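A closer look at the structure
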Amino acid sequence: MRKVGLTAAVLATLALTLSGCGKESTANNTANNESLIEAPVQEAAASGAFGTAVKSADGITSEVTNPTTFKPGQFASGQLPGYTNNSFNFKFTNNSKSALDLPSLIVTARSGADQVCVDVLDADNGFAGAPAEPLAIGASVDFKWGISCPSKAGDDLKITLQVAGIDIYEAKGKLA
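No experiment lies behind these values; they were computed from the predicted model shown.

**Digging into the packing of aromatic side chains**
- Evaluated as defined, the whole model comprises 7 aromatic pairs.
- With 6.2 Å between their ring centres and 65° between their planes, F143 and W145 make a pair best called edge-to-face. The exposure classification of F143 matches that of W145, with both residues buried.
- One aromatic cluster in this structure is built from F50, F88, F90, F92, F143 and W145.
- Between K144 and the ring centre of F127, over which it is positioned, the NZ or CZ distance is 4.5 Å.

**A short note on the pairing of strand 9 (residues 140-149)**
- In this structure, strand 5 (residues 84-94) lies alongside strand 9, joined through 10 bridges in antiparallel fashion. Across the sheet, the residue bridging to S87 is G146, located in strand 9.
- Bridging between strand 8 (residues 118-120) and strand 9 involves 3 bridges; their strand directions are antiparallel. The partner of V120 across the bridge, within strand 9, is G146.

**Remarks on the confidence of the model for the protein**
- Model confidence for the protein is summarised by a mean pLDDT of 83, while 76% of its residues fall at 70 or above.
- Ranking the helices and strands of the protein by mean pLDDT puts strand 9 first, with 97, and helix 1 (residues 2-37) last, with 47.
- Below pLDDT 50 for its whole length, residues 2-33 participates in 0 contacts with residues either more than four positions away or in separate chains.

**So, the environment of G129**
- With respect to the secondary-structure elements, G129 resides in the loop between strand 8 and strand 9.
- When its relative accessible area of 16% is taken as the criterion, G129 is described as buried.
- In sequence terms G129 and L105 are 24 residues apart; their C-alpha atoms lie 9.0 Å from each other.
- Setting aside residues up to four positions removed in sequence, G129 forms contacts with L121, F143 and W145.

Rules used in this analysis
Residues numbered from 1 in each chain as written. Predicted model: local features only at pLDDT ≥ 70, side-chain atom pairs only at ≥ 80, totals over all residues. Heavy atoms only, no water. Phe/Tyr/Trp six-rings, centres within 6.5 Å; stacked < 30°, edge-to-face > 60°. Buried < 20%, exposed > 50% of the residue type's maximum accessible area, 1.4 Å probe, protein only. Lys NZ or Arg CZ within 6 Å of the ring centre and 35° of its normal. Pairing = 2+ DSSP bridges. Helix = DSSP H or I, 4+ residues; strand = E, 2+ residues; numbered from the N terminus. pLDDT = per-residue confidence, 0-100. Contact = heavy atoms within 4.5 Å.

Structure follows, in structure tokens:
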């Protein structure tokens, strides 16, 4: 009987010790997770209005053409009911000292009162995403992009292009 009592006391002490550690660990994990999801604040290497080509200090020329409205195809992803659909051409010329990692391209579009737009992928109509290969030094590329925004035509629109974690271009204008 004495062994059972001693074993129970040891298990109870161990359980209390471990439960105390768990609470502290959860608090630390929450703090760590919050710091991981905060976006870094950085300025774009170049910025301009839609339809304006801008060259960054490292030699990359970027342009987001003026937006136009479009109707996504039957099998398009990202289109949302009641949203405004706009399309652009993204143009890049790489005169930097290294290849431009376009497969890592992240497009962030915000409309109206800082509302997030979503990308529309519609390969049947030429909206297939970023190129699959890095852009070589001295090369140029032009490709279509579509977005769906919770705002209406004439509302402000800001598009940020980020490659390999660096904001390389920011374009501003109005939704078509």
